[in-house]
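Geometric and topological summary
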Amino acid sequence: MGRLVSALGEVRATGVRRAPGAVAFKGGPFRWVSSRNVLIPISRGRVEIVRGSHGLEAYYQLSFVGIVAPILVGLGFMIGFTIVEILLDDEIEFRPEVSVALMVGIVLIMAFRLRIAIDQFSTFVKRVAFAELPK
């Protein structure tokens, strides 16, 4: 757990709290970190390390509210604008299929980015928490 707390400090996690067998932290995009920081898409997280039938096992909970909420608000505005344009159907050249394609693309990119973030965090925890101790 000590190595995990140290590694979270190195990636500039804030609000790091240690409990028996667990560490909670805050990340997020609005910190002075490099663009490759593993915690940018993660708003909050908690890692628990327990002894399982096959040795040590890590369980984690991650929150992506800081990234997902603004995207969903933006999509809501796009949907509202599209509906208004369809209903008004004035003489402006508007193609709703373009708006729908754009919205679907944004959702797919967001889902892909979240999947990558989960994989990166999993690799981070494995590398830090389960690394061999120096001899």
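Let me begin by describing the structure that accompanies this report. Values in this document were obtained by computation on a predicted structure and should not be read as measured data. (Residues numbered from 1 in each chain as written. Predicted model: local features only at pLDDT ≥ 70, side-chain atom pairs only at ≥ 80, totals over all residues. Heavy atoms only, no water.)

1. Thoughts on the side chain of Asn 37
Summarising the element assignment, Asn 37 is placed in the loop between β2 (22-26) and β3 (44-52). A residue is classified by how much of its surface remains accessible, and Asn 37, at 9% relative accessible area, is buried. Polar contacts involving the side chain of Asn 37 include one to the main-chain amide nitrogen of Leu 39, which spans 2.7 Å. Setting aside its immediate chain neighbours within four residues, Asn 37 contacts Val 11 and Arg 31. (Helix = DSSP H or I, 4+ residues; strand = E, 2+ residues; numbered from the N terminus. Buried < 20%, exposed > 50% of the residue type's maximum accessible area, 1.4 Å probe, protein only. Polar contact = N/O pair within 3.5 Å; in protein donor to acceptor, adjacent residues only side chain to side chain. Contact = heavy atoms within 4.5 Å.)

2. Overview of the pairing of β3
By the bridge criterion, 5 bridges tie β2 to β3 in an arrangement that is antiparallel. Across the sheet, Lys 26 pairs through a bridge with Arg 44, a residue of β3. Pairing of β3 with strand β4 (residues 55-63), which is carried by 9 bridges, proceeds in the antiparallel orientation. The residue of β4 that forms the bridge with Glu 48 is Tyr 59. (Pairing = 2+ DSSP bridges.)

3. Thoughts on a nonpolar patch on the surface
Nonpolar side chains collect at one region of the surface, where Ile 79, Ile 83 and Leu 87 lie side by side and expose about 310 Å² of accessible area between them. With respect to the element layout, Ile 83 can be found in helix α2 (residues 65-88). (Patch = residues over 30% accessible without salt bridge, like charges linked within 9 Å, V, L, I, M, F, W, Y side chains within 5 Å. Areas by Shrake-Rupley, 256 points an atom, 1.4 Å probe, with all protein chains shown as cover. Salt bridge = Lys/Arg side-chain N within 4 Å of Asp/Glu carboxyl O.)

4. Remarks on the packing of helix α1 (residues 2-10) against helix α3 (residues 96-129)
At a minimum axis separation of 9 Å, α1 and α3 run at an interaxial angle of 130°. Taken together, α1 and α3 sit at an angle that is classed as oblique. Remark: the crossing between α1 and α3 carries right-handed chirality. Between α1, through Arg 3, Leu 4, Ala 7 and Leu 8, and α3, the contact on the second element is made entirely by Phe 124, Val 128 and Ala 129. Residues belonging to the contact of α1 with α3 are distributed by class as follows: 6 nonpolar, no polar and 1 charged. (Axes fitted to C-alpha atoms, helices over the stretch in contact; angles between N-to-C directions. Parallel < 35°, antiparallel > 145°, perpendicular 65-115°, else oblique. Left-handed = near helix turned anticlockwise from the far one by under 90°. Nonpolar A, V, L, I, M, F, W, Y, C, P; charged D, E, K, R; others polar.)

Limitation: the analysis is restricted to geometry and does not speak to function.
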